[in-house]
Amino acid sequence: MQTIYKRTIGAFILILSSCLLSFAQNAKVIEIQTKSTSLVYAVDSNGRLVFQYYGKAVESPAAFLLQKSYPKPDTNRDFSYEAYPTFGLGNVNEPALSVVHADGSMNTELAFDGVEKGETFQGVSETIIRLKDRIYALEVELHLKAFVEEDVITQHVVIRNNEPEAVRMTNFASSFLLLKSSEYYLTHFYGAWAGEMSVVEEKLENGIKVIECKKGVRTTQTENASFIVSLNHQAQENEGDCYGGTLAWSGNYRLTFQVDELKKLNIVSGVNPFLSDWHLKSGESLTTPEMIYTFSSQGKGQVSRNFHDWGRKYGMVGGTKLHDIVLNSWEGAYFTFNEATLTGMMDDAAEMGIETFVLDDGWFGNKYPRNNDDAGLGDWQTNTQKLPDGLDYLIDYAHSKGLKFGLWIEPEMVNPESELAANHPEWVVQSPGREKITWRNQWLLDLSNPKVQDFVYNVFDSLLTTHPGIEYIKWDANRHVEQAGSTWLPTSEQTHFWVDYTKGLYSVYGRIRAKYPDFVIQDCASGGGRLDYGALKYHNEFWTSDNTDPLSRIFIQYGTNLIYPPVGTASHVSTSPNHQTQRMAPLKFRFDVAMTGRLGMELQPRNIQGPDRTFAMEAIQNYKQAVRPLITNGDLFRLISPYDEGGWAAQMYVSKDETDAVLFAFSIEPHTRGIFPTVKLNGLDPAKRYQITEINTNGRSRFWGDGQTLPGDYLMNVGLELKISNQYDSAVFLLKEIN
Ligand code: DGJ
């Protein structure tokens, strides 16, 4: 028995190793590894790079070498999926790459041509996989970066044409992902002006679901180039396999989710190929935008925390630094102000504990004064009627009050009624022979044109050179593209406009950051119209929405923070009734909501008087002392979704060492007497004891145990019953470890 057993094992090992050996002669496994995830490709015996796996880390990726492929009976082709599927041989699904070669051939077949794997340096390792067409001199490089601690993998692609003539690319995506499950649930985002990042989740059935933008500039005002896919069931907060993806691109994008005939989910993400054929000249290359992925086997909560960790460190400027509390002048003054209005706002801001004053739209234009949105855009000279003593007077005044000074610009745009439009009509995006259409009374400048890039760069640079006291810029963009067309691009390259506009924008951002690496810049496009990691890389924060109604903001910020970090989520207290929705809400509710993000104010502070003023000043102080560090570097745990039935919302932020936390709870619908939420906390150390202190109380406690010390496991398993019940009741608690 013993001998037979040994012999069988011996024979098995022999067969296995000869199998491995013969397969290994041709085959190869390429693994990209982070702390808890693995992405695995293999080179098959035909020399194709095939997608094997992305998910929870696998210990021995060599096992993938044992995988057999099953030939399709009709074609004798196997069922494997290319890592970067082309239109050519084998792939019948949505391609990542399709090329019309110089001789008219529409087929591309990529074969593996080598791999370079870098060492892990400062937590990041890079892998470059080279592919080459089997006949044509077309080369593709997959650039993959593994961010080990954050469990994030990014990918972009470089396509190089070494053929003797130009080729035309009709698809040139950034990445392909293959998932295998019986059911797929897609969480994605939709919206409009003042209603960005609304969340919807749907089951994917056979066919293609497309998330895209075709309008340029304000690319995320409607959908957003981000998603979460949950396998087998709807995405849960703390359990289940969830994949997150987000494209770092501020131009037109397309994400396709195809459940194919084999029930596999094919995800292709990248630049939208719509009217964007790219003519790649001989000897030239094109680099696609970066696609950013994360995976968690513990639900979408961890997906968000991975994105936040990555975003703070690699996806934005100054993401781990404490930010200033800003008073922005827009809703408090709009276009109607003079020096006294602004210095008055600064007086109040300083008294209330605000740290930066930002002068929004309306400060410029003389021949065509910017007194409303009809005129002046493009003429970046201080309006001498409103501000006779110039910007420096205001800057000095701010400094004398201990405030920093910030300024609004919208340098990509021009009003027809402006000196700029008269001087440079050729800089405007336009279609030959057609009357140019305005949107918010403005046209778009053509950033594919290097002269326009210089102009836009100079708007920023001249302001800062002339007024070195400026320490914050709000960069706005209030229209999208219509009548796409460029007087700069040649006829044969008009379809390059969409990509070239975004590359032009990035070139300007890049020049600015080379000179001003740490300067604070807010990313704004009519609110959250340009929210993506392509733009965020150059910004410190984003204006989440023009809708400052706190109830709307609970939903908008819930969606936003599924993907983007709370520290970047500008979240301002505004007046009541709210200017966008006309809804009334108590000051405490407005503050409590705004404090879940990057707190600021957007109102006339003179109008906050008496007990409200005392409350506002205390809340600002609380934010600075205890909340701001947790919003900046803590972990977000969502406890109750506002989308759930029940009419509550709750979330908390926990310091990385689990010693400090802040809990926010909101009643977002009216509840009948005695109905209170029980909020189970998360992210704490079950073995630690935490003292609970309510802040922003405004004279009424919302918890029986305020001041008590409770164990972490009690707080997480039993939870707290909070006395909030009426619509717009809210509560904020600090938790501190007590030894
Ligand atoms: C749109 C922005 O989202 C607002 O905050 C404000 O800056 C206006 N533009 C100014 O025109």
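Procedures and definitions
Sequence positions are assigned chain by chain, starting from 1 and proceeding in written order. Local features in a predicted model are, by the rule used here, given only for residues with pLDDT of at least 70; side-chain atom pairs are given and counted only at 80 or more, and totals for whole chains, interfaces and linings are based on all residues. Only hydrogens and water are set aside; all other atoms, that is, all heavy atoms of the structure, feed into the side-chain values. Secondary structure is summarised from DSSP: a helix means a run of H or I of at least four residues, a strand means a run of E of at least two, and numbering begins at the N terminus for each. Radius of gyration here is computed from C-alpha atoms only, and the compact-globule reference equals 2.2 Å multiplied by the residue count raised to the power 0.38. Categorising residues by exposure relies on relative accessible area from a 1.4 Å probe, with only protein chains included: less than 20% of the type maximum marks a residue as buried, more than 50% marks it as exposed, and the intermediate range marks it as partly exposed. Contact between two residues is taken to exist if any of their heavy atoms lie within 4.5 Å; hydrogens are not considered. Where accessible areas are quoted, they stem from the Shrake-Rupley method and a 1.4 Å probe; at the residue level, only the protein chains shown are allowed to cover. Counting rule for charge: Lys and Arg are taken as positive, Asp and Glu as negative, and neither His nor the chain ends is counted. Charge positions are represented by NZ for Lys, CZ for Arg, CG for Asp and CD for Glu. In this analysis, the expected span of each helix is defined as 1.5 Å times one less than the number of residues it contains. Polar contacts, as counted here, are pairs of nitrogen or oxygen atoms within 3.5 Å of one another; within protein the pair requires one atom able to donate a hydrogen and one able to accept it, and residues that are adjacent in sequence qualify only if both atoms are side-chain atoms. For helices, the fitted axis covers only the stretch in contact; all axes are lines through C-alpha atoms, and the angles between them, taken along N-to-C directions, range from 0 to 180 degrees. Angles are sorted into four bins: roughly parallel if under 35 degrees, roughly antiparallel if over 145, roughly perpendicular if 65 to 115, and oblique for all others. Put simply, Ala, Val, Leu, Ile, Met, Phe, Trp, Tyr, Cys and Pro go in the nonpolar bin, Asp, Glu, Lys and Arg in the charged bin, and everything else, Gly too, in the polar bin. A carboxyl oxygen of Asp or Glu within 4 Å of a side-chain nitrogen of Lys or Arg is what we treat as a salt bridge. Note that the domain bounds reflect an automated or database-derived domain assignment. Accessible surface is computed with a 1.4 Å probe, and the buried area is the amount of it that two parts give up when combined, taken over both parts together. The rule is simple: put a 1 Å grid over the protein atoms alone, call a set of points where a 1.4 Å probe fits but cannot get out a cavity, call an open set with protein on both sides within 12 Å along at least five of seven lines a pocket, and count a residue as lining if it has an atom within 4 Å of a point. Grid points are joined across faces, edges and corners, and a volume is the space filled by probe spheres set on the points. Whether a crossing is left-handed or right-handed is set by the direction in which the near helix is turned from the far one by less than a right angle, anticlockwise for left-handed and clockwise for right-handed. Being near a molecule or strand, for a residue, means having at least one of its heavy atoms within 4 Å of it.

1. Comments concerning the overall build of the chain
Point 1. Secondary structure assignment for the chain yields 13 helices and 38 strands.
Point 2. Since a compact globule built from 739 residues should have a radius of gyration of about 27 Å, the 28 Å found for the chain is in line with a globular shape.
Point 3. Here the C-alpha coordinates of the chain stretch approximately 90 × 70 × 45 Å along the principal axes.
Point 4. The buried share among the 739 residues of the chain stands at 60%.
Point 5. The contacts of the chain with a sequence gap of at least 6 include a subset with a gap of at least 24, amounting to 70%.
Point 6. For the chain, the accessible surface area stands at approximately 28400 Å², while carbon and sulfur atoms represent 51% of it.
Point 7. Averaged over its 67 positive side-chain charges, the chain has a centre that lies 4 Å from the centre of its 90 negative ones.

2. Remarks on helix 10 (residues 550-563)
Point 1. With 14 residues, helix 10 extends 20 Å between its outermost C-alpha atoms, agreeing within 8% with the 20 Å of an ideal straight helix rising 1.5 Å per residue.
Point 2. The element helix 10 is extensively covered by neighbouring structure, given that 13 of its 14 residues are classed as buried.
Point 3. Capping of helix 10 at its N-terminal end is provided by Asp-549; its side-chain oxygen lies 2.7 Å from the backbone amide nitrogen of Leu-551.

3. Regarding the packing of helix 4 (residues 339-352) against helix 12 (residues 610-633)
Two numbers describe a pair of packed helices, the interaxial angle and the distance between the axes.
Point 1. Packing of helix 4 against helix 12 leaves a shortest axis separation of 9 Å and a crossing angle of 60°. As judged from the angle between their axes, helix 4 and helix 12 are oblique. Residue-level contacts link Asp-348, Glu-351 and Met-352 of helix 4 to Arg-613, Ala-616, Met-617 and Ile-620 of helix 12.
Point 2. For the contact of helix 4 with helix 12, the class distribution of residues is four nonpolar, no polar and three charged.

4. As for the environment of Thr-709
Point 1. Within the fold, Thr-709 resides in strand 36 (residues 709-711).
Point 2. In this view, Thr-709 contacts Arg-689, Tyr-690, Gln-691 and Ile-738; residues no more than four positions away in its chain are not counted.

5. Remarks on unusual backbone geometry
Point 1. Going from Ser-576 to Pro-577, the amide bond is cis rather than trans, its omega being 0°.
Point 2. Turning to its location among the elements, Pro-577 is positioned in the loop between strand 29 (569-574) and helix 11 (587-594).
Point 3. One non-glycine residue, Gln-582, lies in the positive phi region at around 70°.
Point 4. Along the chain, Gln-582 turns up in the loop between strand 29 and helix 11.

6. Digging into the pattern of salt bridges
Point 1. The full count for this structure, using the stated rule, is 37 salt bridges.
Point 2. Linking Arg-48 and Asp-44 is a salt bridge whose minimum nitrogen-to-oxygen distance equals 3.6 Å.
Point 3. Residue classification places Arg-48 among the buried residues on the basis of a relative accessible area of 7%.
Point 4. Note that Arg-606 and Asp-348 form a salt bridge whose closest N and O atoms lie 2.7 Å from each other.

7. With respect to the side chain of Arg-613
Point 1. Tracing the backbone through its elements, the reader meets Arg-613 in helix 12.
Point 2. We classify Arg-613 as buried; its relative accessible area is 8%.
Point 3. Among the polar contacts made by the side chain of Arg-613, one reaches the side chain of Glu-351 at a distance of 3.3 Å.
Point 4. Setting aside its immediate chain neighbours within four residues, Arg-613 contacts Asp-348, Glu-351, Met-352, Pro-605 and Ile-608.

8. So, the domain arrangement of the chain
Point 1. With domains assigned, the chain is organised as domain 1 (2-315), domain 2 (326-634) and domain 3 (639-737).
Point 2. Counting from both sides, the interface comprises 25 residues of domain 2 and, opposite them, 28 residues of domain 3.
Point 3. For the pairing of domain 2 and domain 3, the buried interface totals around 2200 Å² over both sides, and the portion due to carbon and sulfur atoms is 72%.
Point 4. On the domain 2 side of the interface with domain 3, the three residues burying the most area are Phe-555, Lys-588 and Leu-630, jointly 27% of the side's total.
Point 5. Inspection of the region where domain 2 meets domain 3 yields zero salt bridges.
Point 6. Inspection of the domain 2/domain 3 interface yields six residue pairs in polar contact (both at pLDDT 80 or more).
Point 7. Looking at the side of domain 2 that touches domain 3, the elements with two or more residues in it are helix 10, helix 11 and helix 12.
Point 8. The element best represented in the side of domain 2 that touches domain 3 is helix 12, accounting for eight residues.
Point 9. When grouped by side-chain class, the residues that make up the side of domain 2 that touches domain 3 number 17 nonpolar, five polar and three charged.

9. Some words on empty space enclosed by the protein
A water-sized probe rolled over the atoms picks out the places where empty space is left.
Point 1. For the coordinates displayed, the defined rule picks out ten cavities of 30 Å³ or more.
Point 2. The calculated volume of the largest cavity comes to roughly 150 Å³.
Point 3. Lining the largest cavity are 16 residues, and of these Ile-554, Gln-557, Tyr-558, Thr-596 and Gln-651 sit closest to its centre.
Point 4. Those elements that place two or more of their residues in the lining of the largest cavity are helix 10, strand 31 (635-640) and strand 32 (648-654).
Point 5. Per element, the largest residue contribution to the lining of the largest cavity is five residues, and it comes from helix 10.
Point 6. The class makeup of the residues in the lining of the largest cavity is nine nonpolar, five polar and two charged.
Point 7. Residue contributions to the lining of the largest cavity reach at least three from each of two domains, namely domain 2 (326-634) and domain 3 (639-737).

10. What about the packing of helix 4 against helix 5 (residues 390-400)?
Point 1. It is the contact of helix 4 with helix 5, at a shortest axis distance of 10 Å, that shows an interaxial angle of 20°. By the angle between their directions, the pair helix 4 and helix 5 is classed as roughly parallel. Considering the relative orientation of helix 4 and helix 5, their crossing is right-handed. Mapping the contact onto sequence places Glu-339, Leu-342, Thr-343, Met-346 and Asp-347 in helix 4 and Gly-390, Tyr-393, Leu-394, Tyr-397 and Ala-398 in helix 5.

11. Side note on the site of the ligand
Point 1. What surrounds the ligand is a group of 13 residues, the closest being Asp-360, Asp-361, Lys-474, Asp-476 and Asp-546.
Point 2. The separation between an oxygen atom of the ligand and a polar side-chain atom of Trp-543 is 3.4 Å.
Point 3. At a separation of 2.5 Å, an oxygen atom of the ligand approaches a polar side-chain atom of Asp-546.
Point 4. In the complex, the protein chains occlude 98% of the 290 Å² of accessible area that the ligand would expose alone.
Point 5. Within the shell around the ligand, the residues separate by chemical class into four nonpolar, three polar and six charged.

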